[in-house]
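Structural overview for review
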Amino acid sequence: MKLFKFDPRNRYVFVRLAILFSLIRKRKFTFKKFWNTTYSFLAYWLRLIKTAKVPFLISFELWNECNARCVFCRTANGEIYDQNPASKDQPVPLGKMPLELYKDVISQVKNRLLMATLYINGEPLLYKELGEAVQFATQNRVATMIATNGTLLTEKRSRELLEAGIDFVKIAISGYTQETYSKQVRYGDVEKVKEYIKTFLRLNREGKHGAVVMVDYMLYSYNQHELGAVRDFCNELGVMLSVRPGNPKGMEEAEESQNKGAETINVACDWLWKVLSINWNGDLLPCCDYVIWSGLKPYERYEVGKTKIVDVWNGPQAVKMRQVHVKKGRQVIPICAKCVRTGIAFKW
């Protein structure tokens, strides 16, 4: 059975609109943020080497540990696969971001930053200070989002996040039954995840918190037969559903890549003009893929009380990266050459 064709340019229009209306209602969308976001899009479209004053979205790797340990991401022991072919199978170092660093960044860019994405490669619910991180952003009128496997989204944790002001929660699943779900997720109970989703939605509705929630179904040939059940589940709960191609790593014998033939080699990457990624150790990076590709130099390593995001964002390293993409596309940069991403996809 063939999978339906994916459009790698998927802009997630409906979820973006839902988030935007929610932020307007919560007064987290100001004119400065509107202009900063608009300018970043215009700068990309015009291929300017300098973009908006700050990124309109920053991804924070609060902790790159994960309890689910999916087959495409890491080993059963939790070692993260390094995507650099020259890494000689050495795992990516594990680490946790100091909350002080996160708060320092938010304090600098709060007037123009639209959203803080509180995950990159790890499970954000493992970060004990996640509620405090969300609360700090809310106090500074910065929107927040997380993507989670949902296995730790207990009622207590849900209340904490909702009361802290979380704006967008994306919950990833890869099957409706445990037999199918466990082909990708080594440690997790899909029945618990489904119950946690129901609880989160109930608390969100009862408390009138206005968080936008989306179930994120990673589609493979082995789980396509359960897509209908997932659609029914989401329709019954009144929650948005996103269906996107899964990562076949670790399942190559049964699963083919769903992104073959994407024409991106000569396309400049949006991320360089719009989004900044910050690794747990403070490395300021061009995109989220850098956290799992060893041997790459960051724009700079963030130092609390010293580093200025405005200086780095349009500094020499960031400008050079944009110039390469404008003049030569992705082909001369190994980490970019095989990337099929266009836009900033489900990150926003």
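Scroll up to find the structure this text is about.
Now for a description of the structure that goes with this document.

What counts and what doesn't
- Residues numbered from 1 in each chain as written.
- Predicted model: local features only at pLDDT ≥ 70, side-chain atom pairs only at ≥ 80, totals over all residues.
- Heavy atoms only, no water.
- Helix = DSSP H or I, 4+ residues; strand = E, 2+ residues; numbered from the N terminus.
- Buried < 20%, exposed > 50% of the residue type's maximum accessible area, 1.4 Å probe, protein only.
- Contact = heavy atoms within 4.5 Å.
- Phe/Tyr/Trp six-rings, centres within 6.5 Å; stacked < 30°, edge-to-face > 60°.
- Expected span 1.5 Å × (residues − 1).
- Arc of directions from axis to C-beta.
- Core = buried A, V, L, I, M, F, W, Y, C linked by side-chain atoms within 4.5 Å.
- 1 Å grid on protein atoms, 1.4 Å probe; cavity = no way out; pocket = protein on both sides within 12 Å on 5 of 7 lines; lining within 4 Å.
- Points joined across faces, edges and corners; volume = space filled by probe spheres on them.
- Nonpolar A, V, L, I, M, F, W, Y, C, P; charged D, E, K, R; others polar.
- Pairing = 2+ DSSP bridges.
- Right-handed = clockwise from strand over helix to strand, strands pointing away.
- Axes fitted to C-alpha atoms, helices over the stretch in contact; angles between N-to-C directions.

Observations concerning the environment of glutamate 155
Residue placement: glutamate 155 occurs in helix H5 (residues 155-164). Looking at glutamate 155, the relative accessible area reads 35%, which means it is partly exposed. Separated by 64 residues in sequence, glutamate 155 and proline 91 have C-alpha atoms that sit 34 Å apart. If we skip the residues at most four places from it in the chain, glutamate 155 touches Thr199, Arg202 and Leu203.

Quick word on the packing of aromatic side chains
The tally for this structure, following the rule as stated, stands at eight aromatic pairs. Look at phenylalanine 31 and phenylalanine 34: their rings are 6.2 Å apart centre to centre, the planes differ by 40 degrees, and that puts the pair in the tilted class. One end of the pair is phenylalanine 31 and the other is phenylalanine 34, both in helix H2 (residues 31-46) and three residues apart, which spans about a single turn. Ring centres of tyrosine 176 and phenylalanine 233 lie 6.0 Å apart, and the angle between their planes is 65 degrees; this geometry places the pair in the edge-to-face category. Residue tyrosine 176 is found in the loop between strand E4 (168-173) and helix H6 (178-181), and its partner phenylalanine 233 is found in helix H8 (residues 227-237); the two are separated by 57 residues along the sequence. Among the aromatic residues, those joined into a ring-pair cluster are Phe29, Phe31 and Phe34.

So, H2
Taking 1.5 Å per residue as the helical rise, H2 with its 16 residues ought to reach 22 Å, and the 22 Å between its terminal C-alpha atoms agrees with that figure. Listing the buried residues of H2 in full gives Lys33, Asn36, Thr37, Ser40, Ala43 and Tyr44. For H2, the arc enclosing every buried residue in end-on projection is 125 degrees, short of the 170-degree limit, so these residues lie on one face. Turned more than 90 degrees away from the buried face of H2 sit Phe31 and Trp45, all of them exposed. Structurally, H2 contributes buried residues whose contacts are with helix H9 (271-274).

What about the nonpolar core?
One finds Phe60, Tyr102, Leu118, Leu130, Ile166 and Ile278 to be the most contacted residues of the largest nonpolar core, which totals 109 residues. Here tyrosine 102 is in contact with Phe60, Leu62, Met97, Leu118, Ala133, Val134, Phe136, Ala137 and Thr144, once residues within four sequence places are set aside.

Side note on empty space enclosed by the protein
Counted according to the given criterion, the structure contains one cavity of 30 Å³ or more. Quantified by volume, the largest cavity comes out at close to 110 Å³. Lining the largest cavity are 13 residues, and of these Cys269, Cys287, His325, Cys336 and Cys339 lie nearest its centre. For the lining of the largest cavity, the secondary structure elements donating two or more residues are H9, helix H11 (316-328) and helix H12 (334-337). Across the lining of the largest cavity, the residue classes break down as nine nonpolar, one polar and three charged.

Some thoughts on the pairing of E4
The buried count for E4 comes to six of six residues, which makes it a mostly enclosed element. Burial along E4 is two-sided: the residues Phe168, Lys170 and Ala172 and Val169, Ile171 and Ile173 are all buried. Taken together, the four bridges between strand E3 (residues 143-148) and E4 define a ladder with parallel strand orientation. When the bridges of E4 are listed, alanine 147 appears paired with lysine 170. At this point the chain moves from E3, through H5, to the parallel E4, and the crossover so formed is right-handed.

Structural notes on the sheet that holds strand E8 (residues 283-285)
Strand order in this open sheet of nine strands is E6-E5-E4-E3-E2-E1-E7-E8-E9, and the pairing throughout is mixed. Looking at strand neighbours, the two that pair on one side only are strand E6 (240-245) and strand E9 (300-301), the edges of this open sheet. Bridge analysis of E8 against E9 gives two bridges, and the strand direction is antiparallel. Paired with aspartate 283 across the bridge in E9 is arginine 301. Taken strand by strand, helix H3 (residues 99-109) contacts strand E1 (57-60), strand E2 (115-117), E3 and strand E7 (275-278), and its axis lies near 175 degrees from that of E1.

Looking at unusual backbone geometry
The backbone of arginine 27 sits at a positive phi, close to 60 degrees, despite the residue not being glycine. Positionally, arginine 27 belongs in the loop between helix H1 (13-25) and H2. By relative accessible area, arginine 27 is classed as exposed at 59%. In the Ramachandran plot, arginine 141 falls in the positive-phi region, its phi being about 60 degrees despite a non-glycine side chain. Here arginine 141 is to be found in the loop between helix H4 (130-139) and E3.

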